[in-house]
Amino acid sequence: MHTPQNVRRGPYGYSAELLQVTTGCSYDKCRFCNLTNGTPFSVVPMEHIIADLEEIAAAVRHPRSVFLLTEDPMGLPNDRLIPVLKLIREKLPTVSEIIGFIRVRDIKRKSDADLREMADLGPLKVIVGVESGWDEILAEMNKDQTSADTIEQLRRLEEVGIEYSVFYLCGIAGKGNGQENALRSAKLYSQLHPTRIEIVSMTPFPGTQLREDVLSGEFELAPESEMMLEVATFIENLECETIVAAEHDTNLFRIEGPLPQARDHMVEVLRWRAANVDDEKMYDSRFMMKG
Ligand code: SF4
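Note that the structure is predicted; figures quoted are calculated from it, not measured. (Residues numbered from 1 in each chain as written. Predicted model: local features only at pLDDT ≥ 70, side-chain atom pairs only at ≥ 80, totals over all residues. Heavy atoms only, no water.)

S.K.: Tell me about the packing of helix α7 (residues 178–189) against helix α9 (residues 224–237), and please be specific about residues and values.
M.R.: Contact geometry of α7 with α9 gives a least axis separation of 8 Å together with a crossing angle of 30°. Classified by the angle between their axes, α7 and α9 sit roughly parallel to one another. The way α7 lies across α9 gives a crossing that is right-handed. Within the contact between the two elements, α7 uses Gly-178, Gln-179, Asn-181, Ala-182, Leu-183, Ser-185, Ala-186 and Tyr-189 and α9 uses Glu-226, Leu-229, Glu-230, Thr-233, Phe-234 and Asn-237. Across the contact of α7 with α9, the residue classes tally to six nonpolar, six polar and two charged. (Axes fitted to C-alpha atoms, helices over the stretch in contact; angles between N-to-C directions. Helix = DSSP H or I, 4+ residues; strand = E, 2+ residues; numbered from the N terminus. Parallel < 35°, antiparallel > 145°, perpendicular 65-115°, else oblique. Left-handed = near helix turned anticlockwise from the far one by under 90°. Contact = heavy atoms within 4.5 Å. Nonpolar A, V, L, I, M, F, W, Y, C, P; charged D, E, K, R; others polar.)

Here it is, written out as structure tokens:
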């Protein structure tokens, strides 16, 4: 298999077969990100993809889902993506879902006909790094999208029946700004219909601009208690029916539950954790995370 190390599967892909379609990220400019570890963006040759699919077909009895690697494979132009989706259908006929990351800007570049063509080869489940609903903060983090872009583009996915989950990056606004980020973000996410909202915690990974900014004092990390209270306020103000989960490696707390049913319980747990966490000790743990 042509599968890289450090695979990031996202919320849907834990039991899926892995199929590498791209390497790196076609954007690769977010201030907090070291996911590509310097790997340049490239599209995997079709002969590798065919060989990998044949290997999966020979090794796995009834593959049910395929996770496309790596950072934005669903954002490939349709003339490159559609043949891959067709090959999956042909070589792995038992597959009932194809999963992969896509950027808001990538959706914007696709026409409605492109999205429909993709949806027809699904069911597709895409994962989108929405991160925050605070536009000034997204711009500071070089995120290359606004709240208006996100609403417009994710609604286009809904119209063609492509399911999506989204990330929320708590702590993205820095120390002292968690509550405002939570309220602004809840307003944005409440207008969407994600299957799942995955909470990730802002971490100054080695190799990122963010780490340099933390070391120079330009960006001040929010303490863990502030991040927990931020997520509590975010959940408290979310109006969409979805699943909220904080089970990512960057989180120093774990929660998962459906909204609105589990709202009160999750908020209570987070507020209790915030009141009992040792912020100083946890700061060191976060700074030592390698990504
Ligand atoms: S966060 Fe996503 S879009 Fe931004 S650089 Fe990292 S992989 Fe690329």
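S.K.: Give me the sheet that holds strand β9 (residues 242–246): which residues, what numbers.
M.R.: Ordered in space as β1-β4-β5-β6-β7-β8-β9-β10, the eight strands form an open sheet in which the pairing is mixed. Because the sheet does not close on itself, it has two edges, and the strands there are β1 (17–20) and β10 (255–259). Mean inter-strand twist for the sheet, computed between neighbouring axes without regard to direction, equals 20°. Judged from the five bridges that link them, β9 and β10 form a sheet pairing that is antiparallel. By the bridge assignment, Ala-246 is partnered in β10 with Ile-255. (Pairing = 2+ DSSP bridges.)

S.K.: Please provide a residue-by-residue account of the pattern of salt bridges, values included.
M.R.: All told, the structure shown has 19 salt bridges when counted by the stated rule. Here Arg-105 and Asp-149 are joined by a salt bridge, their closest N and O atoms 3.5 Å apart. Of this pair, Arg-105 sits in helix α3 (residues 104–109) while Asp-149 is found in helix α6 (residues 147–160), placing the two residues 44 residues apart along the sequence. According to the relative accessible area criterion, Asp-149 is buried, its value standing at 10%. Overlapping salt bridges, with partners in common, bring together Arg-103, Arg-105, Asp-106, Lys-108, Arg-109, Asp-144 and Asp-149 in one network. (Salt bridge = Lys/Arg side-chain N within 4 Å of Asp/Glu carboxyl O. Buried < 20%, exposed > 50% of the residue type's maximum accessible area, 1.4 Å probe, protein only.)

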